[in-house]
Amino acid sequence: VLLFISVEMPRVLGASGRVLDLAGRVGFDTLPDQLVNRELKRGFALNILVIGETGVGKSTLLESLFKQQFENEPHTHFTESVGTEVNTYDLEEAGVKLKLMVVNSTGFGDQLNRTNSPEKIIEYIDAQFEKYLQEELKTTRALPPAHDTRIHSCLYLLAPTGHSLKSLDLFTMKAIHQKVNLIPVIAKADTVTKPELAAYKAIVARELADNDIELYTLHGDDKISFPLAVIGSKDEIVVGGERVRVRQYPWGIVEVENEEHSDFIKLRSLLLRTHTERLRVRTHRVLYERYRKVQLQKMGFEDNDPESEPASLKEIYEQKRRQHLAELQQREEEMRQRCVGKVKRKEAELKQAEADLNAKFEKLRAIHIEEQRQIRVQLVALEQERKDFLAQANRDADEATRKKKDKGDKDKKKEKKDHV
C-alpha cells in the first residue's frame, strides 16, 4: 500500500540551486518499487566462503544460519592438501529467491607443512574475480547477478583455544583480508566459560589490529564487534511452545539463538538481514575494483590526468601492441644471441676435442713406432741368436762326428793289433 502525503514539494536540481515546484504527483516516486519488483523477479545471489579447520563446525553453523539440512560429504583429517568444495542451493523465503553458493575449505590445517595452505583458497578467490573481469571485457557480455560467483562474505572460523590466534589463522587472514569481506567467528563458543571467551575475544581483536588485518566494516553498528562467538547445532527441542536449536548437555541446554548464550543472532542479522546488500556492493565496488585495477594496469591501462584528454581503447591497444612487438623483437634478439653464443661455445669445444684427439693420436703413433723399432731390434737379435745357435749346433755335430770317427779308427787299429 502506497501513501502519498505531499503533492506540492519543492525540488532542488543541480549546483545552480534552481528550484522546481511540482504542482502535483508525476509518479517517479515509484522508482524504488520498480527496483524492488525487478530484483524480486530476478532473484538474489549470496556467495559465502567458509574457512576453518576440519571439525570446527563449518557445516553445522551454515545449517543453523539458514535452517536447512544441507547434504555435504563428511571430511577426515587425512586430506593431503587444502582444497575448495563448492555447493549451490536455491532457497526461497516469502517470495524472495536466493541462490546461495557455499565454498567450503577442505583439509585446512590437516597437513604437517602448512606453508602453502592459503594458496588454493587465494587461487579460487582470484579465479572468480578473473572470471567476472573476462566477462566484462567481452563484446557481448552476460553478467546477471544470479550467476555472480565472486565471494561476498568470508566466515573465518577460529577454534576456541582461549589463548591466542594460531599462526596458520593469522597467516591465512593476512593473505586474504584485502580480497574478501572478512568476518572472524569463534566457533563452538559453548566449550569455554564466559570469562575465558571474553578474554579470548579481546586477544583476537588485539592481534588482528596489531597485524593490520582489514575486517568487514560495520559503519556505526555499535552492537556488533568482531570477533563474534557463535554456536551451531542440528538438534531441536520445544521450549515455551516453540522449536529451537540447542546444544544439550547433562547439566542443561545451550540455545543457539539466545543472545545470552552466543552471538549467533548478530551473525545471522549481519549476513542475511541488515548487511547482505552492503556485502555484495562492497565486493563489487571495493574488492573487485581493487583486483580489476591491478589486472588492467598489467594490461597497459593507466588512469590519465583529469585535465588531459582520455586515451581511446584503440590508442591503448596500439601502444600495447607496439610494446608487445618490441618485447618480442628484444626476446628474439636475446634468443639469437644466446643461440650464437651456444654455437660458438660448441664449436670451441669441438675444436678443443679435435685437438685433444690429434694430440692423443700422435702420442699413440709415436708409441707405436717406438714399439715397432724395439720389435725389429728384438727380431734382429733373435735372428742372430738363431744363427749362432745353428752354427754352434753344427760345430757340436761335426765335433761329435769327428770324435766318433776317431774312436772307430782306434777300435779298428786295436782289433788289427789283437788279431796279429
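Residues numbered from 1 in each chain as written. Predicted model: local features only at pLDDT ≥ 70, side-chain atom pairs only at ≥ 80, totals over all residues. Heavy atoms only, no water.

## Notes on the overall build of the chain
A count of helical and extended segments in the chain gives eight helices and 11 strands. The proportion of buried residues among the 420 residues of the chain is 31%. Here the analysis covers contacts within the chain between residues at least 6 apart in sequence; of these, 66% occur between residues at least 24 apart. (Helix = DSSP H or I, 4+ residues; strand = E, 2+ residues; numbered from the N terminus. Buried < 20%, exposed > 50% of the residue type's maximum accessible area, 1.4 Å probe, protein only. Contact = heavy atoms within 4.5 Å.)

## Topic: the pattern of salt bridges
Scanning the entire structure with this criterion turns up 24 salt bridges. As a salt-bridge pair, Asp-126 and Lys-179 come within 3.1 Å of each other at their nearest N and O atoms. Taken together, the residues span a long stretch of sequence, with Asp-126 in helix 3 (residues 117–136) and Lys-179 in the loop between helix 4 (167–176) and strand 7 (182–186) at a distance of 53 residues. By relative accessible area, Lys-179 is classed as partly exposed at 22%. Measuring nitrogen to oxygen at the nearest pair gives 2.6 Å for the salt bridge that ties Arg-386 to Glu-383. Placement of both Arg-386 and Glu-383 in helix 8 (residues 313–419) is noted, with a separation of three residues, approximately one turn of the helix. (Salt bridge = Lys/Arg side-chain N within 4 Å of Asp/Glu carboxyl O.)

## Points about the sheet that holds strand 10 (residues 242–249)
Judged by pairing direction, the sheet is antiparallel, and its three strands sit side by side in the order 9-10-11 without closing on themselves. Of all the strands in the sheet, the pair left with one neighbour each is strand 9 (236–239) and strand 11 (252–255). Across the sheet, the axes of successive neighbouring strands diverge by a mean angle of 60°, strand direction being ignored. Pairing between strand 9 and strand 10: four bridges, direction antiparallel. Each bridged residue has a counterpart across the sheet, and for Ile-237 the counterpart in strand 10 is Val-244. (Pairing = 2+ DSSP bridges. Axes fitted to C-alpha atoms, helices over the stretch in contact; angles between N-to-C directions.)

## Here we look at a positive patch on the surface
On the surface, Arg-331, Arg-338, Lys-342 and Arg-345 cluster together into a patch of positive charge. Overall, Lys-342 belongs to the exposed group, its relative accessible area being 54%. (Patch = residues over 30% accessible without salt bridge, like charges linked within 9 Å, V, L, I, M, F, W, Y side chains within 5 Å. Areas by Shrake-Rupley, 256 points an atom, 1.4 Å probe, with all protein chains shown as cover. Lys, Arg positive; Asp, Glu negative; His and termini not counted. Charge placed at Lys NZ, Arg CZ, Asp CG, Glu CD.)

## As for helix 1 (residues 31–42)
Owing to its 3.6 residues per turn, the α-helix aligns residues three or four sequence positions apart on the same side. A rise of 1.5 Å per residue sets the reference length of helix 1, with its 12 residues, at 16 Å; its end C-alpha atoms lie 16 Å apart and thus fit the reference within 8%. The first or second residue beyond helix 1 is Gly-43, which carries a positive phi of 90°. (Expected span 1.5 Å × (residues − 1).)

## Digging into a negative patch on the surface
There is a patch of like negative charges on the surface, built from Asp-409, Asp-411, Glu-415 and Asp-418. One can find Asp-409 in helix 8.

## Thoughts on the packing of aromatic side chains
Scanning all chains against the criterion turns up seven aromatic pairs. Ring geometry for Phe-66 against Phe-70: centres 6.3 Å apart, planes inclined by 55°, an arrangement best described as tilted. Residues Tyr-249 and Trp-251 carry aromatic rings whose centres are separated by 5.0 Å and whose planes lie at 5° to one another, so their mutual orientation is stacked. With relative accessibility at 26%, the residue Tyr-249 sits in the partly exposed group. Judged by relative accessible area, Trp-251 falls into the exposed class, the value being 64%. An aromatic cluster of three or more residues is present, and its members are Phe-129, Tyr-132, Tyr-288 and Tyr-291. Its end group placed over the ring of Tyr-132, Arg-150 keeps NZ or CZ at 3.6 Å from the ring centre. Taking the ring centre of Tyr-288 as reference, the NZ or CZ of Arg-150 above it sits at 4.8 Å. (Phe/Tyr/Trp six-rings, centres within 6.5 Å; stacked < 30°, edge-to-face > 60°. Lys NZ or Arg CZ within 6 Å of the ring centre and 35° of its normal.)

## As for the pairing of strand 7
The buried fraction of strand 7 amounts to five of the five residues, a majority that puts the element mostly inside the structure. Going residue by residue along strand 7, you find Leu-182, Pro-184 and Ile-186 tucked away on one face and Ile-183 and Val-185 tucked away on the opposite face as well. In this sheet, strand 7 lies alongside strand 6 (residues 153–158) in parallel orientation, the contact comprising five bridges. Note on strand 7: the bridge partner recorded for Cys-154 is Leu-182. The parallel pair strand 6 and strand 7, bridged by helix 4, forms a crossover whose chirality is right-handed. In this structure, strand 7 lies alongside strand 8 (residues 228–229), joined through two bridges in parallel fashion. Residue Val-185 lies in a different strand from strand 8, and its bridge partner there is Leu-228. (Right-handed = clockwise from strand over helix to strand, strands pointing away.)

## Here's the deal with the sheet that holds strand 5 (residues 96–106)
The six strands are arranged 4-5-3-6-7-8 in an open sheet whose pairing can be described as mixed. Each having just a single partner strand, strand 4 (83–93) and strand 8 make up the two edges of the open sheet. In the sheet, strand 3 (residues 44–51) pairs with strand 5 via seven bridges, with the strands oriented parallel. Paired with Ala-45 across the bridge in strand 5 is Lys-99. Each of strand 3, strand 4 and strand 5 touches helix 3; the most contacted strand, strand 4, lies at about 50° to it. Sheet contacts for helix 5 (residues 194–210): strand 6, strand 7 and strand 8; angle to strand 7, the most-contacted strand, approximately 155°.

## Let's talk about the environment of Ile-122
Following the sequence through the fold, Ile-122 ends up in helix 3. Taking the C-alpha atoms as reference points, Ile-122 and Val-180, separated by 58 residues in sequence, lie 10.0 Å from one another. In this structure Ile-122 touches Ala-175, Ile-176 and Lys-179, once residues within four positions along its chain are discounted.

## Digging into the pairing of strand 5
Within a regular strand, side chains alternate between the sheet's two faces. Summarising burial for strand 5: eight of the 11 residues are buried, a large majority. Alignment of strand 4 against strand 5, held across 11 bridges, turns out to be antiparallel. Pairing of Asp-90 across the sheet is with Lys-99, part of strand 5. Remark: two residues form the turn of the hairpin made by strand 4 and strand 5, two consecutive strands paired antiparallel; Ala-94 in that turn has positive phi of roughly 55°.

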